Every structure is written in structure tokens, then in C-alpha cells.
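# Structural features, examined
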Amino acid sequence: MQMKTTLTIAGSDSSGGAGIQADIKTMTMNGVFAMSVITALTAQNTTGVRAIQEATPEFLKQQLDAVFEDIFPDAVKIGMVSSLELIRVIADRLRYYKVTNIVVDPVMVATSGASLMKKDSVQALIDELLPVATIVTPNIPEAQILSGMSIDDKEDMEVAAKIIGDTYNCSVLLKGGHSVGDADDLLYCDGTMKWFTGKRIDNPNTHGTGCTLSSAIASNLAKGFSLDESVRRAKDYVSDALAAQLDLGKGSGPMQHNFGINTRYAEIKI
């Protein structure tokens, strides 16, 4: 059976915990072949983002065309895209190639609090990428921007998810954890609400959880799982990666994406 393929379109994280690096690790651990199109280089670590160097729109287009013309992905995950011009290039290429199974993680703010998106590009993401998305995976702060309303409890989450989903004709996984106070996520799909109960794991190292979750969803969609099952499997993967209790860096560190590796190639020299 031919291996399924997944493409991540996102920014690079030099410390390896989020972005392209987290996506590739996640996709590999979830049994698909990972490809990448890099929207920007970032100089960052667990304490924050120091600098961002964007790809040019033309170079981004060349990356996208190179992938789609040779190894067409079974699913696509879109993460950090920091400018209006780059968003338009991505949306144009996705429409041109008639791409399906598109997971949009609307990355606007890093875990450390640093802004990762220019103000004029937020509207472009809403106008250009959400209408082509299969599912969008905002956290509470991002969902407040996308829905235009304040979210203080689970009832607000349901209202906001419906606004986003109905407005842009896509499914929505609204992630709890920010201000709502638990790890329960809400999936709004085809007019139906479904809650996914998550266990709160006592681990301060949560750098890259959003990137990881969206990449795991894309991986499972690529393998043919339903949206419901893809979300459930992705949440379980993130929970297990957090439960491994990796502790690296001076700030909000990464999770252990490779917690399940058990081959002879991963053996540690004693």
C-alpha cells in the first residue's frame, strides 16, 4: 500500500518545538510522508521570537508548485503565514490545484505571547484561507478575532464556533484551555456540535501544541479517517506527547513528539 503524504505550509522554528519542525515530527510519528513549504524563517527559542525573515511571494509559489507538480499531498496543513501577499499566493495555488483535506491553524500569537502575524494579513487569512479550509483550528484568542465576539465559557465557544463555521463554510475545532480552563475542544461540523473531552496534563512545556494538533489532524485525514476520528486521534497523540514530560529550554519548552519511537535506530548509547 502506498504511503500517504501530507504537506505543511508554515514557518520554521529554529528551536524545533513548533512550526515546520514540529509538523514534520508529528506527521512522521502519525505514519505519513511529510513535505514542507516554508513561509518564513524565525529566530526563536522557548523564551520568545527574536526575528522573522519571510519568504518572497515568488519563492513561496515556486515551493508550492514544486510539491504539487510532483508528489501531490493527500492533506495540507497551513500554519504561520505572516503577510497578506503570502496568504494570497497560498490561496491561489490551493484553488488552482483543487487541493482537499486542508487544515488551517490560524497562528496569530506564539505561546510566548509574541505576535506572528501582521495586522493587515489577519483579514486576508479570513477572506482567502478560511473559505478553502476543510477545518480551522483556532484557540480561544484566535476564535475571538475570527468570530468578533468575547468567549468566556463553553456556551460562548458554541456560539463562536457556529459563527465561524457558518460564515466561512468550514468545520471548526475550537480549542479550550485559554481562559475557559480545561482541555475540552469543540468540533462544529455540518451544523453539529461535538465536544472532545481532554485530560489536563500538568506540564508547563506546551510550545508547539497547536502546530502539533493541526498536523496530526491533517495526517489522519490523509490516511482516510473521518474528521471526528482524525480529531480524536490527534488529541490523543498530543496528550501522550505532553505526558512524556520532556523538559528542555528556559521557557515554555517543546513536547516530546517522538515519545513512541521504539526501533533500534532510536536506541541510546549507555
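These notes cover the structure that comes with them. (Residues numbered from 1 in each chain as written. Predicted model: local features only at pLDDT ≥ 70, side-chain atom pairs only at ≥ 80, totals over all residues. Heavy atoms only, no water.)

## Brief notes about the overall build of the protein
Operational definition: Secondary structure elements are taken from DSSP: a helix is a run of H or I of four residues or more, a strand is a run of E of two residues or more, and numbering for both begins at the N terminus. The quantity called the radius of gyration is restricted to C-alpha atoms. Its globule counterpart is 2.2 Å times the number of residues to the power 0.38. A simple rule labels every residue: compare its accessible area, found with a 1.4 Å probe on the protein chains alone, to the largest value its type can have, and call it buried under 20%, exposed over 50%, or partly exposed in between. By the convention used here, residues are in contact when the closest approach between their heavy atoms is within 4.5 Å. Per-residue and other accessible areas were derived by the Shrake-Rupley procedure at a 1.4 Å probe size, with only the shown protein chains allowed to occlude residues. Asp and Glu count as negative and Lys and Arg as positive, but His and the ends of the chain are not part of the count. To locate a charge, the coordinates of NZ of Lys, CZ of Arg, CG of Asp or CD of Glu are taken.
A count of helical and extended segments in the protein gives 8 helices and 9 strands. Against the compact-globule benchmark of 18 Å for 270 residues, the protein has a radius of gyration of 17 Å, which places it among compact chains. Counting only C-alpha atoms, the protein reaches 55 × 45 × 45 Å along its principal axes. Across the 270 residues of the protein, 54% fall into the buried class. Sequence-distant contacts in the protein: of pairs separated by 6 or more residues, those separated by 24 or more amount to 69%. Here the protein has roughly 12500 Å² of accessible surface; of this, 51% comes from carbon and sulfur atoms. On the protein, the mean spot of the 24 positive side-chain charges and the mean spot of the 32 negative ones are 5 Å from each other.

## With respect to the environment of Asn169
Assignment of secondary structure puts Asn169 in the loop between helix H6 (154-168) and strand S7 (171-175). Exposure remark for Asn169: the relative accessible area of 69% places this residue in the exposed category. Sequence separation between Asn169 and Thr134 is 35 residues; the distance between their C-alpha atoms is 8.6 Å. Residue contacts for Asn169: discarding those within four places in its chain leaves Ala133 and Ile164.

## Side note on the side chain of Asp13
Under the convention used in this document: By definition, a salt bridge exists where a carboxyl oxygen of Asp or Glu is found within 4 Å of a side-chain nitrogen of Lys or Arg. Any pair of nitrogen or oxygen atoms within 3.5 Å is treated as a polar contact; in protein, a donor-acceptor pairing is required on top of that, and neighbouring residues in sequence qualify only through side-chain atoms on both sides.
If you trace the backbone, Asp13 turns up in strand S1 (residues 5-13). Lys25 is the oppositely charged side chain nearest to the buried, salt-bridge-free Asp13, at an N-O distance of 7.8 Å. A polar side-chain atom of Asp13 sits 2.9 Å from a polar atom in the side chain of Ser15. Within the local environment of Asp13, its side chain forms a polar contact with the backbone nitrogen of Gly17, the two atoms lying 3.1 Å apart. Filtering out sequence-adjacent residues up to four positions away, Asp13 remains in contact with Ala18, Gly19, Gln21, Thr42, Gln44 and His207.

## Observations regarding unusual backbone geometry
For Asn101, which is not a glycine, the phi torsion comes out positive at approximately 55°. Mapped onto the fold, Asn101 is located in the loop between helix H3 (84-96) and strand S5 (102-104). When its relative accessible area of 23% is taken as the criterion, Asn101 is described as partly exposed.

## Considerations on the nonpolar core
To keep things clear, this is the line we draw: Here the nonpolar core consists of buried residues drawn from Ala, Val, Leu, Ile, Met, Phe, Trp, Tyr and Cys, with membership extended through side-chain atoms lying within 4.5 Å.
Formed by 48 residues in total, the largest nonpolar core has its most connected members in Ile78, Ile90, Leu94 and Leu174. In terms of residues, this core owes the most to one element, H3, which gives 7 residues. Setting aside its immediate chain neighbours within four residues, Leu94 contacts Phe68, Ile78, Val99, Ile102, Leu129 and Val132. Ile135, Leu173, Phe196 and Leu242 belong to the second largest nonpolar core, which has 25 residues in total.

## Observations concerning a nonpolar patch on the surface
Short version of the rule: By definition, no residue in a patch forms a salt bridge, and every one has over 30% relative accessible area; like charges are joined within 9 Å, nonpolar side chains (Val, Leu, Ile, Met, Phe, Trp, Tyr) within 5 Å.
A cluster of nonpolar side chains, namely Met3, Phe33 and Ile71, defines an oily patch on the protein surface of about 280 Å² accessible area. Turning to its location among the elements, Met3 is positioned in the segment before S1.

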